[in-house]
Amino acid sequence: MIRVRALEPDDAPVVASWIDGPEALVAWSGKTGFTWPFDGRQLLDLRASDPARRLLVATDPDGSLVGHVGLRGEPGGASVRLGMVLVAPAARGRGRGAAMVEAALGVAFADPAVERVELGVYAHNGSARRIYERLGFRAGRVYPRSILVGDEWWTSVTMSLPREAWSPSA
């Protein structure tokens with residue numbers, strides 16, 4: 001069973017080590033302003049600069065880190081933005097991404113004021129989109145030319161999960 005907990009300072013360099021290049025950094029962090037080479041200090045600085053953002057790590061039952069996810073309350077409190085979803089390279093392909101997102105949704109929806117969780121995903125990230133769709137997210141607005149990565153424009157898609165469509169597993 002995957003659990004999520006708050007990111008601790010010793011976790012940050014481990015998470016940073018999972019990012020293997022500038023494109024992977026953008027795919028994970030979007031427009032957060034991180035720079036390459038990426039290190040754990042940038043992640044801790046982001047947390048310190050944005051108190052509305054909750055940075056979480058996912059752990060296996062033995063306590064080993066297997067992922068990272070962020071939650072940020074949106075103004076008004078009815079919506080939470082899920083982002084910065086990353087599964088450790090050694091843990092990929094074993095269902096941990098879906099389990100981690102589901103655990104993060106449990107954290108978000110534990111607040112009775114939260115009516116929906118939203119996220120942004122790059123259109124070419126089919127594996128992430130399939131996970132989100134399986135968990136009940138539906139695609140909304142599409143942003144062509146959302147970000148320039150190298151010499152290629154990436155399109156992003158906003159996805160949303162209303163509370164009434166969320167169905168936590170037992």
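Our structure's up above, just so we're on the same page.
Residues numbered from 1 in each chain as written. Predicted model: local features only at pLDDT ≥ 70, side-chain atom pairs only at ≥ 80, totals over all residues. Heavy atoms only, no water.

Quick notes on the packing of aromatic side chains
Summed over all chains, the structure comprises 6 aromatic pairs. Note on Phe34 and Phe38: the rings are 4.8 Å apart at their centroids and 50 degrees apart in plane angle, and the pair reads as tilted. With a relative accessible area of 8%, Phe38 lands in the buried category. Pairwise contacts between aromatic rings join Trp28, Phe34 and Phe38 into one cluster. (Phe/Tyr/Trp six-rings, centres within 6.5 Å; stacked < 30°, edge-to-face > 60°. Buried < 20%, exposed > 50% of the residue type's maximum accessible area, 1.4 Å probe, protein only.)

A few points about the environment of Ser79
Here Ser79 lies in strand E4 (residues 79–87). With a relative accessible area of 5%, Ser79 lands in the buried category. Note: C-alpha distance between Ser79 and Pro162 (83 residues apart in sequence) is 9.1 Å. When near neighbours in sequence (up to four residues on either side) are disregarded, Ser79 contacts Arg72, Gly73, Glu74, Arg116 and Glu118. (Helix = DSSP H or I, 4+ residues; strand = E, 2+ residues; numbered from the N terminus. Contact = heavy atoms within 4.5 Å.)

Considering the pattern of salt bridges
The final tally for this structure, using the stated rule, is 7 salt bridges. A salt bridge links Arg41 to Asp45; the shortest N-O distance between them is 3.6 Å. In this pair, Arg41 and Asp45 are both assigned in helix H3 (residues 40–49), 4 residues apart and thus about one turn of the helix distant. Here Arg96 makes a salt bridge to Asp60, at a shortest N to O gap of 2.9 Å. Pair noted here: Arg96 is in helix H4 (residues 96–109) and Asp60 is in the loop between strand E2 (53–59) and strand E3 (65–73), with a separation of 36 residues, a long-range link. (Salt bridge = Lys/Arg side-chain N within 4 Å of Asp/Glu carboxyl O.)

A closer look at the side chain of Gln42
Along the chain, Gln42 turns up in helix H3. In contact with Gln42, other than residues within four places in its own chain, are Phe34, Thr35 and Pro37.

Details of the sheet that holds strand E5 (residues 116–122)
Strand pairing within a sheet occurs via backbone hydrogen bonds; the two strands may be parallel or antiparallel. The strand order E1-E2-E3-E4-E5-E7-E6 describes an open sheet built from 7 strands, whose pairing is mixed. Taken across any chain shown, the strands that pair with only one partner, and hence form the sheet edges, are strand E1 (3–6) and strand E6 (138–149). Averaged over all pairs of adjacent strands, the angle between their axes in this sheet comes to 30 degrees, without regard to strand direction. Examined bridge by bridge, E4 and E5 share 4 bridges and lie parallel to one another. (Pairing = 2+ DSSP bridges. Axes fitted to C-alpha atoms, helices over the stretch in contact; angles between N-to-C directions.)

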